[in-house]
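# Per-entry structural report
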Amino acid sequence: MNEETCAPAGVALGETGFGYTLSLIGGKYKMLILYALAANKVLRHNELKRHLGGIAFKTLSVVLKELEADALIVRKEYPQVPPKVEYFLSTKGASLIPVLNTLCEWGERHQAT
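Figured I'd write up the structure that's included with this text. Predicted model, so just to flag it, every value in this text is computed and none were measured.

## Considerations on the sheet that holds strand E3 (residues 84-89)
Read from one edge to the other, the open sheet built from three strands follows the order E1-E3-E2, with strand pairing classed as antiparallel. Every other strand in the sheet has two partners, leaving strand E1 (42-44) and strand E2 (73-78) as the edge strands with one partner each. The sheet shows a mean angle of 30° between the axes of neighbouring strands, direction not considered. The pairing of E2 with E3 spans six bridges and is antiparallel. Across the sheet, residue Ile 73 finds its bridge partner in E3, namely Leu 89. Packed on one face of the sheet, helix H3 (residues 45-52) meets E1 and E3 and runs near 95° to E1.

Written out as structure tokens, the structure is:
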């Protein structure tokens, strides 16, 4: 059986589409942040922290910077005192939601087995 795969033998995983996608969404919180933003459209830092529960302030800041650097989320800062910063999905980030939904559906089908 010769099925095409996104991670073919002999090719470094990081050089595949699969590896690239995992580099963007891997980690403990990235997918959860993307889902929270998909569900709520726009969230501020503390609102995201409440959605994620036990995440440390610094950890959330680091993950948000990574997601922004990867162009999956947009950070909008308003020039006011105190500063107001909002986060929302970019077009690229929104395009990942169907992929994450597929992962979720797979988990729900196989979790009980």
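## Comments concerning the packing of aromatic side chains
A full pass over the atoms with the stated rule returns zero aromatic pairs. Note that Lys 84 overlies the ring of Tyr 78, its terminal NZ or CZ placed 5.0 Å from the centroid.

## Remarks on unusual backbone geometry
Of note, the bond from Val 81 into Pro 82 is cis; its omega dihedral lies within 30 degrees of zero at -5°. As for its position among the elements, Pro 82 is in the loop between E2 and E3. Of note in the backbone geometry, Lys 41 takes a positive phi value of approximately 70° without being a glycine. Mapped onto the elements, Lys 41 comes out in the loop between helix H2 (30-40) and E1. With a relative accessible area of 58%, Lys 41 lands in the exposed category.

## Description of the nonpolar core
Formed by 23 residues in total, the largest nonpolar core has its most connected members in Ile 33, Leu 34, Leu 37, Leu 48 and Ile 73. Elements that contribute at least two residues to this core include exactly helix H1 (17-25), H2, H3, helix H4 (57-69), E3 and helix H6 (97-110).

## A short note on the packing of H1 against H2
In the contact formed by H1 and H2, the axes pass within 8 Å of each other and the chain directions differ by 75°. Classified by the angle their axes make, H1 and H2 are roughly perpendicular. Taken together, the residues of H2 that come into contact with H1 (itself represented by Ser 23, Leu 24 and Ile 25) are Lys 30, Met 31 and Leu 34. Residue classes in the contact of H1 with H2 are distributed as four nonpolar, one polar and one charged.

Reading guide: rules and limits
- Residues numbered from 1 in each chain as written.
- Predicted model: local features only at pLDDT ≥ 70, side-chain atom pairs only at ≥ 80, totals over all residues.
- Heavy atoms only, no water.
- Pairing = 2+ DSSP bridges.
- Helix = DSSP H or I, 4+ residues; strand = E, 2+ residues; numbered from the N terminus.
- Axes fitted to C-alpha atoms, helices over the stretch in contact; angles between N-to-C directions.
- Contact = heavy atoms within 4.5 Å.
- Phe/Tyr/Trp six-rings, centres within 6.5 Å; stacked < 30°, edge-to-face > 60°.
- Lys NZ or Arg CZ within 6 Å of the ring centre and 35° of its normal.
- Buried < 20%, exposed > 50% of the residue type's maximum accessible area, 1.4 Å probe, protein only.
- Core = buried A, V, L, I, M, F, W, Y, C linked by side-chain atoms within 4.5 Å.
- Parallel < 35°, antiparallel > 145°, perpendicular 65-115°, else oblique.
- Nonpolar A, V, L, I, M, F, W, Y, C, P; charged D, E, K, R; others polar.

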